[in-house]
Amino acid sequence: MRHAMRMLRAMAGAALMAFVPVHAAGDQPTVPYVPTPQAVVERMLAMARVTAADYLIDLGSGDGRIVVTAASKYGARGFGVDLNPVRIDEANENARRNRVTDKVAFYQRNLFETDLSQATVITMYLLPRVNLQLRPTLLDLKPGTRIVSHDFDMGDWKPDEHVRMDATDKFSGAGGDSDIYLWIVPAKVAGGWRSQLTVGGKPQAYEFQLDQKYQSVGGTVRVNGRPVQIQGATLRGAELSFSFAAEINGEPVKHRFSGRVDGGRVAGEATLTGGRLAARVEWLAERTEAAR
Ligand SMILES: C[S@@+](CC[C@H](N)C(=O)[O-])C[C@H]1O[C@@H](n2cnc3c(N)ncnc32)[C@H](O)[C@@H]1O
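Residues numbered from 1 in each chain as written. Predicted model: local features only at pLDDT ≥ 70, side-chain atom pairs only at ≥ 80, totals over all residues. Heavy atoms only, no water.

Colleague: Where do I start with the sheet that holds strand β1 (residues 55–59) in this structure?
Modeller: Strands pair in a sheet through their backbones, by hydrogen bonds, and they do so in one of two ways: parallel or antiparallel. Taken together, the seven strands give an open sheet; going across it, the order is β3-β2-β1-β4-β5-β7-β6, and neighbouring strands pair in mixed fashion. The open sheet has two edge strands, β3 (104–108) and β6 (161–167), and neither has a second partner. Direction aside, neighbouring strands of the sheet carry axes that sit 15 degrees apart on average. Where β6 and strand β7 (residues 176–184) come together, seven bridges link them in antiparallel fashion. When the sheet's bridge partners are listed, Met165 is paired in β7 with Ser178. (Pairing = 2+ DSSP bridges. Helix = DSSP H or I, 4+ residues; strand = E, 2+ residues; numbered from the N terminus. Axes fitted to C-alpha atoms, helices over the stretch in contact; angles between N-to-C directions.)

Structure, rendered in structure tokens:
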């Protein structure tokens, strides 16, 4: 089944490429025009939890259906870029028909030369190699930016969510299944951090050394000179949390830290459980050195 779908995808791609030659500059691969079925568009926007507060950019926007649906269904603003002027005309017409020209725009532009800094949501239906070429740029976007890709993943940057759905009207009605991947751009947390809590009325220092691969975080915390491994760390956008157990004043204490990363600072709370030192206190951490 999966093999048959791959064949179909390749065939649809090859057929469309013959009619719609779209060449990006340099060594950037050609991405053919294959529209995302409307049901898949709706699911992509639902996965990204799009709201009226969002600014969505569709990279290779085709007839503009993703940007137009985000505006008409959720009130989001945004723009799409496409190399093909025919697609830009179609997208503008689509926006007019749906009365969202005050919220969206379409530009004939190379996606690799597009400023993405305004985006809170990026959508794309490109190719695996293009996704990989875009990956460093996407990872540098504001932490918390949601990225949704139809059908193609991002190599070893594992998605935060993935669904597969039937898409009966895919490939001009030939039908197929669609994969949808969601990533939340993680804050950069690798390196050294220090903080101090008041525990049992006394100042207690914590020195963290975090390592990170995309949204996956691990590391150690040094408490009273002793390093302990942190456990169960999660990083979703700028929201970081982890746990560890350490001895304080001779008592075993479980710690749960959670906070919001903002550049070189984290602000949140620490929950300590176990014995007389149980407490919930403010947690502020500051960076001592970034990972090289
Ligand atoms: C598979 S279609 C997806 C269209 C639309 N996003 C959707 O999901 O329905 C890919 C689109 O990307 C456009 N495209 C390909 N390479 C591009 C590039 N380097 N810059 C901008 N657009 C590009 C193509 O013209 C095509 O319309």
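What follows continues from the structure just given.
Colleague: Could you clarify how one ought to interpret the pairing of strand β5 (residues 146–150) in this entry?
Modeller: The side chains of a regular strand alternate, residue by residue, between the two faces of the sheet. For β5, the buried fraction is high: five of the five residues fall into the buried class. Side chains Arg146, Val148 and His150 of β5 all project onto a buried face; the interleaved residues Ile147 and Ser149 project onto the opposite face, where all are buried too. Pairing analysis gives four bridges linking strand β4 (residues 121–124) to β5, with the strands arranged parallel. Bridging across to β5, Ile122 finds its partner in Ile147. For the crossover that starts at β4, traverses helix α5 (residues 128–139) and ends in the parallel β5, the hand is right-handed. (Buried < 20%, exposed > 50% of the residue type's maximum accessible area, 1.4 Å probe, protein only. Right-handed = clockwise from strand over helix to strand, strands pointing away.)

Colleague: Hey, could you run me through the pattern of salt bridges in this one?
Modeller: If charged atoms from side chains of opposite charge come close, those side chains can pair. Under the definition given, this model contains 17 salt bridges. Ionic pairing is found between Glu42 and Lys73, a salt bridge with its closest N-O pair at 2.7 Å. Of this pair, Glu42 sits in helix α2 (residues 38–47) while Lys73 sits in helix α3 (residues 65–74); the two residues are 31 residues apart in sequence, bridging distant segments of the chain. When the shortest N-O distance is used, the salt bridge between Glu90 and Arg87 registers 2.9 Å. With a gap of three residues between them, Glu90 and Arg87 both fall in helix α4 (residues 85–97), about one helical turn apart. The exposure class assigned to Arg87 is buried, which follows from its relative accessible area of 9%. (Salt bridge = Lys/Arg side-chain N within 4 Å of Asp/Glu carboxyl O.)

Colleague: Where do I start with the sheet that holds strand β16 (residues 279–290) in this structure?
Modeller: Ordered by their spatial adjacency, nine strands build an open sheet running β11-β10-β9-β8-β16-β15-β14-β13-β12, and the pairing between neighbours is antiparallel. Two strands bound the open sheet, and with one partner strand each, they are β11 (226–229) and β12 (231–236). Recorded for the sheet is a direction-independent mean angle of 30 degrees between the axes of neighbouring strands.

Colleague: In this structure, what is going on with the site of the ligand? I would like to understand it.
Modeller: Taken together, 22 residues lie near the ligand, and Thr36, Asp58, Gly60, Asp82 and Leu111 sit nearest. Measuring from a nitrogen atom of the ligand, one finds a backbone N or O atom of Leu83 at 3.3 Å. For the ligand, a nitrogen atom lies 2.8 Å from a polar atom in the backbone of Leu111. Alone, the ligand offers 600 Å² of accessible surface; in the complex the protein occludes 99% of this. Elements represented by at least two residues in the shell around the ligand include exactly α3 and β2 (77–82). Looking at the shell around the ligand residue by residue, the class counts come to twelve nonpolar, five polar and five charged. (Near = heavy atom within 4 Å. Polar contact = N/O pair within 3.5 Å; in protein donor to acceptor, adjacent residues only side chain to side chain. Areas by Shrake-Rupley, 256 points an atom, 1.4 Å probe, with all protein chains shown as cover. Nonpolar A, V, L, I, M, F, W, Y, C, P; charged D, E, K, R; others polar.)

Colleague: What should I look at first to understand the environment of Glu251 in this one?
Modeller: By the secondary structure assignment, Glu251 is in strand β14 (residues 251–262). Exposure remark for Glu251: the relative accessible area of 14% places this residue in the buried category. For the pair formed by Glu251 and Arg276, sequence separation is 25 residues and the distance between their alpha carbons is 8.5 Å. Dropping the residues within four chain positions of it, Glu251 is found in contact with Ala246, Gly274, Gly275, Arg276 and Leu277. (Contact = heavy atoms within 4.5 Å.)

Colleague: Can you help me understand the nonpolar core in this one?
Modeller: In summary, soluble globular proteins display a tendency toward joint burial of nonpolar side chains. Among the nonpolar cores identified, the biggest contains 28 residues, and Leu45, Val50, Leu56, Val104, Phe106 and Ile180 are the most heavily contacted of them. Of all the elements in the fold, those that place two or more residues in this core are α2, α3, α4, β3, β6 and β7. When sequence neighbours within four positions are dropped, the list of residues in contact with Leu56 reads Leu45, Val50, Ile66, Val67, Ala70, Arg77, Gly78, Phe79, Val121 and Thr123. Counting 27 residues, the second-largest nonpolar core is a separate cluster that includes Ala187, Leu197, Tyr206 and Ala285. (Core = buried A, V, L, I, M, F, W, Y, C linked by side-chain atoms within 4.5 Å.)

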